[in-house]
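Structure assessment
Single-letter residue listing:
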Amino acid sequence: MECRFCSGTGWWRPERPHRDGSGVIVWLRVDEPCRGCAGTGKEHSPVAAL
Ligand SMILES: [Zn+2]
């Protein structure tokens, strides 16, 4: 079963707030291993129906 958080890619791309040199908050897109499946792309737990 594919991970419902990353659609099986094992990665997700959240946006993180970052304050630049002039104090302006900008949003940076970052790549991280999916927290829902620890980067495997597979759904581990049987709670997908929730
Ligand atoms: Zn995932």
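Conventions adopted
Residues numbered from 1 in each chain as written. Predicted model: local features only at pLDDT ≥ 70, side-chain atom pairs only at ≥ 80, totals over all residues. Heavy atoms only, no water. Helix = DSSP H or I, 4+ residues; strand = E, 2+ residues; numbered from the N terminus. Buried < 20%, exposed > 50% of the residue type's maximum accessible area, 1.4 Å probe, protein only. Contact = heavy atoms within 4.5 Å. pLDDT = per-residue confidence, 0-100. Donors = N, O, S within 2.8 Å, 3.2 Å for Na, K, Ca; no water. Tetrahedral: all angles 85-135°; square planar, octahedral: opposite > 155°, others 65-115°.

Overview of the overall build of the chain
The helix and strand tally for the chain stands at zero helices and four strands. Taken from N to C terminus, the helices and strands of the chain fall in the order β-β-β-β. When burial is assessed residue by residue, the chain has 18% of its 50 residues classed as buried. Across the chain, the fraction of contacts at a sequence separation of at least 24, relative to all contacts at a separation of at least 6, is 40%.

Concerning the confidence of the model for the chain
Any region with low pLDDT has predicted coordinates that should not be read closely. For the chain, per-residue confidence averages 87 on the pLDDT scale, and residues scoring 70 or more make up 88% of the total. Model confidence for the chain, summarised as mean pLDDT per element, is weakest for strand E1 (residues 11-12) at 90 and strongest for strand E3 (residues 25-29) at 94.

A short note on the coordination of the zinc ion
Bound to the zinc ion on the protein side are Cys3 (SG), Cys6 (SG), Cys34 (SG) and Cys37 (SG), at distances that span 2.3 Å. Coordination at the zinc ion is tetrahedral: its four donor atoms span angles of 104 to 113° at the metal. Mapped onto the polypeptide sequence, the residues donating to the zinc ion form the spacing pattern C-x2-C-x27-C-x2-C. With a gap of 31 residues between them, Cys6 in the segment before E1 and Cys37 in the segment after strand E4 (32-33) connect regions that are remote in the sequence. Note on accessibility: Cys6 and Cys37 belong to one class, buried.

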